[in-house]
Amino acid sequence: MKIRHLLLLGALAAAPICLERDARAAPLEAPVLYIEKVYLENGLRVLLETDRSTPNVAVRVRYDVGYQSDPPGKPELAHLVEHLMFRGSQHVKDGEHLERLTRLGATAVNARTRRTATTYEETVPARALETALWLESERMGFLPAGLTEANFLVERQILENEEAQQTSLRPFGALGTEIDRALHGTRGSARQIQFEDVSAFVRDWHRPNNATITLVGNFDREEAKSWIEKYFGAIVPGTLPEPLHHHDYWDTRGPIRLEAGVPIARAFLAWPLNSDSPEDEADEYLTRSALRAFFSKQLRDGRAPVSYLNVVGGASELFLIATGTEGATADELAQFLQGAVKRFQVTSEDFHAARRSTLTGFLSSLETIEERSDSYSAWRYNGHASGIVQATFDSINASSAARMNTWFDFVRQRPPVIVYVTPKAGAPIAGRRVDAVAAQ
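Now for a quick tour of the structure. (Residues numbered from 1 in each chain as written. Predicted model: local features only at pLDDT ≥ 70, side-chain atom pairs only at ≥ 80, totals over all residues. Heavy atoms only, no water.)

With 7 of 7 residues buried, strand β9 (residues 211-217) is to be regarded as a mostly interior element. A two-sided burial pattern is seen for β9, the buried positions comprising Ala211, Ile213, Leu215 and Gly217 on one face and Thr212, Thr214 and Val216 on the other. Direction of pairing for strand β5 (residues 45-50) relative to β9: parallel, over a ladder of 6 bridges. Its bridge partner lying in β9, threonine 50 is registered against glycine 217. (Buried < 20%, exposed > 50% of the residue type's maximum accessible area, 1.4 Å probe, protein only. Helix = DSSP H or I, 4+ residues; strand = E, 2+ residues; numbered from the N terminus. Pairing = 2+ DSSP bridges.)

Next comes the structure, spelled out in structure tokens:
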């Protein structure tokens, strides 16, 4: 075999891992996981966990490329490539990929494009694993040869239709477009993508050295490794482009004011994020949990002009959302959010509560083979010798109230993108920019 390096991540002891040095929280146990990590010579990463309690295998192929790498002026290119990955390759006819998997009993066949990753997924009976791996290798290594301009035009039109539905037919639909424009420099529409852009994007990013295969379920590890080497080992790696830094596009030239055909005002504060280490990610997740608890207290207090508060965001942004009570204005909601950001301070008690909530949530994400496969695929820092779960526990346990406050201080010292949404009879339900209306 041409496997260059094999690292057994090991079995985690089933002994309790104490989360506290005092009695404020009961200990949690880390699950026993035997996760093997393999590197092929071409740079492909492979994570394997055998689970004999199921007849199936959850397959994930994650490419470390997403919306963030869309070329300037051509948003949705990563998403369009995701669609076209199901439309055939050099040795697989259009429609054959789904047809073969369906005939073999596959379920949950899907794909997801996010800011920094695109993941292809299916759950297959154990007997269908080799076919699933072959199909995934076909579109990793031979997609451009199967692309046709006709399929490209069909899928581009589908994306344009989705784009129109999301931005014009949904309440507050224009928000996502405006915030993406402000935080990440997103401009234009899928209509600007040309056929040749797809092949160039695939050649740049859909390389084995930019991908991770994760298998969780009922399979023989040695057999699976031989199949992966057989089908993926000859795929040529490439020199990956320098990743685009989304925060370079950050636009803070002024607030965004929208009017929408909705009954109640809303306000948003948004910041771009760039968590580049497990420690940063741990502080970020813990602080979000503490922020949610803080907002819950604000709602229970009943004195603020808000009916709903939330903290959302992914790996590359943080959003604070306030929906008003009847008669509240968007300006009042924005002032409330800005005041809450200034007042927020993590205490030791907040840290303990956030840590337990975060670890409990992490463990609950490992309950099914699909959830575990998703978690392992997404966990970028899975090379720790002590194992993925242990690394997660370690980075969260190493945090503190002081570290969380330091992380949030870095966020709040930068001016946020502020979005005001004012109710307006006759305005589109999705919203429209007020300055655009004034220019008409």
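Another aspect to go through is empty space enclosed by the protein. Taken as a whole and judged by the stated rule, the model has 1 cavity of 30 Å³ or more. By residue class, the composition of the lining of the largest cavity is 3 nonpolar, 3 polar and 2 charged. (1 Å grid on protein atoms, 1.4 Å probe; cavity = no way out; pocket = protein on both sides within 12 Å on 5 of 7 lines; lining within 4 Å. Points joined across faces, edges and corners; volume = space filled by probe spheres on them. Nonpolar A, V, L, I, M, F, W, Y, C, P; charged D, E, K, R; others polar.)

Where a strand is regular, its side chains alternate between the two sheet faces. Most of strand β11 (residues 266-272) is tucked away: 6 of the 7 residues are buried. In terms of strand pairing, β11 meets strand β13 (residues 317-324) through 7 bridges, oriented antiparallel. Looking at the pairing, arginine 266 lines up with threonine 323 of β13. In terms of strand pairing, β11 meets strand β14 (residues 417-423) through 5 bridges, oriented antiparallel. Opposite arginine 266, over in β14, you have valine 421 as the bridge partner.

Considering all chains together, one arrives at 26 salt bridges under this definition. Linking glutamate 121 and arginine 60 is a salt bridge whose minimum nitrogen-to-oxygen distance equals 3.7 Å. On the criterion of sequence distance, the pair formed by glutamate 121 in strand β8 (residues 118-125) and arginine 60 in strand β6 (residues 56-63) is long-range, its members being 61 residues apart. Residue classification places glutamate 121 among the buried positions, given a relative accessible area of 9%. For arginine 60, a relative accessible area of 3% gives the class buried. One network of salt bridges, in which partners are shared, links Glu36, Arg221, Glu222 and Lys225. (Salt bridge = Lys/Arg side-chain N within 4 Å of Asp/Glu carboxyl O.)

Our focus in this paragraph is the packing of aromatic side chains. All chains considered together, the criterion is met by 7 aromatic pairs. When the centroid spacing of 6.1 Å and the interplanar angle of 35 degrees are considered together, the rings of phenylalanine 294 and phenylalanine 295 count as tilted. Of the two residues, phenylalanine 294 and phenylalanine 295, both sit in the buried class. Among the aromatic side chains, those forming a connected cluster through ring pairs are Phe294, Phe295, Phe344, Trp407 and Phe408. Here arginine 139 stacks its cationic end above the ring of phenylalanine 86, 4.5 Å away from the centre of that ring. The positively charged end of arginine 257 is found above the aromatic ring belonging to tyrosine 420, 3.9 Å away from the centroid. (Phe/Tyr/Trp six-rings, centres within 6.5 Å; stacked < 30°, edge-to-face > 60°. Lys NZ or Arg CZ within 6 Å of the ring centre and 35° of its normal.)

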